[in-house]
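Chain by chain, the residues run as shown.
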Amino acid sequence: MPLTINGSDHDFAGDPRTTLLDFLRDDCGLTGTKKGCDHGQCGACTVIVNGQRINSCLTLAAMHEGDSVTTIEGFGTPGSLHPLQAAFVKHDGFQCGYCTPGQICSAKAMIDEAKAGWASFVSDDLAGPVTLTSDEIRERMSGNLCRCGAYSNIVDAIAEVLEAAR
Ligand code: FES
Ligand code: FES
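What counts as what
Residues numbered from 1 in each chain as written. Chains lettered and ligands numbered in written order. Predicted model: local features only at pLDDT ≥ 70, side-chain atom pairs only at ≥ 80, totals over all residues. Heavy atoms only, no water. Core = buried A, V, L, I, M, F, W, Y, C linked by side-chain atoms within 4.5 Å. Buried < 20%, exposed > 50% of the residue type's maximum accessible area, 1.4 Å probe, protein only. Helix = DSSP H or I, 4+ residues; strand = E, 2+ residues; numbered from the N terminus. Contact = heavy atoms within 4.5 Å. Salt bridge = Lys/Arg side-chain N within 4 Å of Asp/Glu carboxyl O. Polar contact = N/O pair within 3.5 Å; in protein donor to acceptor, adjacent residues only side chain to side chain.

Novice: Explain the nonpolar core here, please?
Specialist: What tends to happen in soluble globular proteins is that the nonpolar side chains get buried as a cluster. Within the largest apolar cluster, 26 residues are counted, with the highest numbers of intra-cluster contacts made by L84, M110, I111, L132, I137 and I158. When residues of this core are traced back to their parent elements, those giving at least two are α2 (83–90), α3 (100–115) and α5 (151–165). The greatest single-element share of this core, amounting to seven residues, is contributed by α3. Excluding anything up to four places from it in sequence, L132 contacts M110, I111, A114, I137, R140 and L162.

Pasting the structure below:
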């Protein structure tokens, strides 16, 4: 069963009960995506599938035939960081780093959701357009937990990327 991961062709032919998270980590060697709770509660396993962020622990690999998956390995490289990665470094948006791949994948998709006019629980105007205020960023990133408590720095990093893009 073919799917694309970070622009490369992959084939899934394993146990149909395999989660996308386990397929990425165990079969594809893409261990940047982290397993925190394995129950859809922490966001450490967030990846982007066809442009939308999902918890890869809550979906089966077999459900993604033909899909395009982006993991943290599909962002920048050590010598050429993605702007979100560079901003996380600059603003100390992590301590242990375990949540960081999920935070960055989530932030990228979250910015795109806002651009598309998707309202959040704290949006004043459900019809948009959306301005990603600090409250909006915090609400929209609330599915990604950080046990190190780097939240304020994560918000600062995302805000800087948004500002630079204006
Ligand atoms: Fe998937 Fe926690 S490992 S949400
Ligand atoms: Fe440690 Fe977020 S940096 S859990």
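Anyway, onward from the coordinates.
Novice: Would you mind showing me how to read the pattern of salt bridges here?
Specialist: Pairing is possible between side chains that carry opposite charge, provided their charged atoms lie close to one another. Scanning the model with the defined rule gives nine salt bridges in all. Note that R17 and D15 form a salt bridge whose closest N and O atoms lie 2.6 Å from each other. Among the residues examined, D15 registers a relative accessible area of 35% and is labelled partly exposed. In this structure, the salt-bridge partner of D112 is K115, at a minimum N-O distance of 3.9 Å. Here K115 and D112 lie together in helix α3, a separation of three residues that amounts to about one turn.

Novice: Sorry if this is basic, but what is going on with helix α1 (residues 20–27) here?
Specialist: In an α-helix, one turn spans 3.6 residues, which is why side chains three or four residues apart end up on the same side. Those residues of α1 not exposed but buried are L20, L21, F23 and L24. In the core, the buried residues of α1 are packed alongside β1 (2–5), β2 (8–11), β3 (46–49), β4 (52–55) and β5 (68–70). One or two positions beyond α1, positive phi appears at G29, with a value near 70°.

Novice: What is the right way to read the environment of D124 from this model?
Specialist: Residue placement: D124 occurs in the loop between α3 and α4 (134–140). Here D124 falls in the exposed class, since its relative accessible area comes to 83%. When the C-alpha positions of D124 and F75 are compared, they lie 32 Å apart, and in sequence the two are 49 residues distant.

Novice: Would you mind showing me how to read the side chain of T18 here?
Specialist: Inspection of the secondary structure puts T18 in the loop between β2 and α1. Of the polar contacts made by the side chain of T18, one reaches the backbone oxygen of D15; its length is 2.7 Å. Sequence-distant contacts of T18, that is, excluding residues within four places in its chain, are made with F12, F23, L60 and A61.

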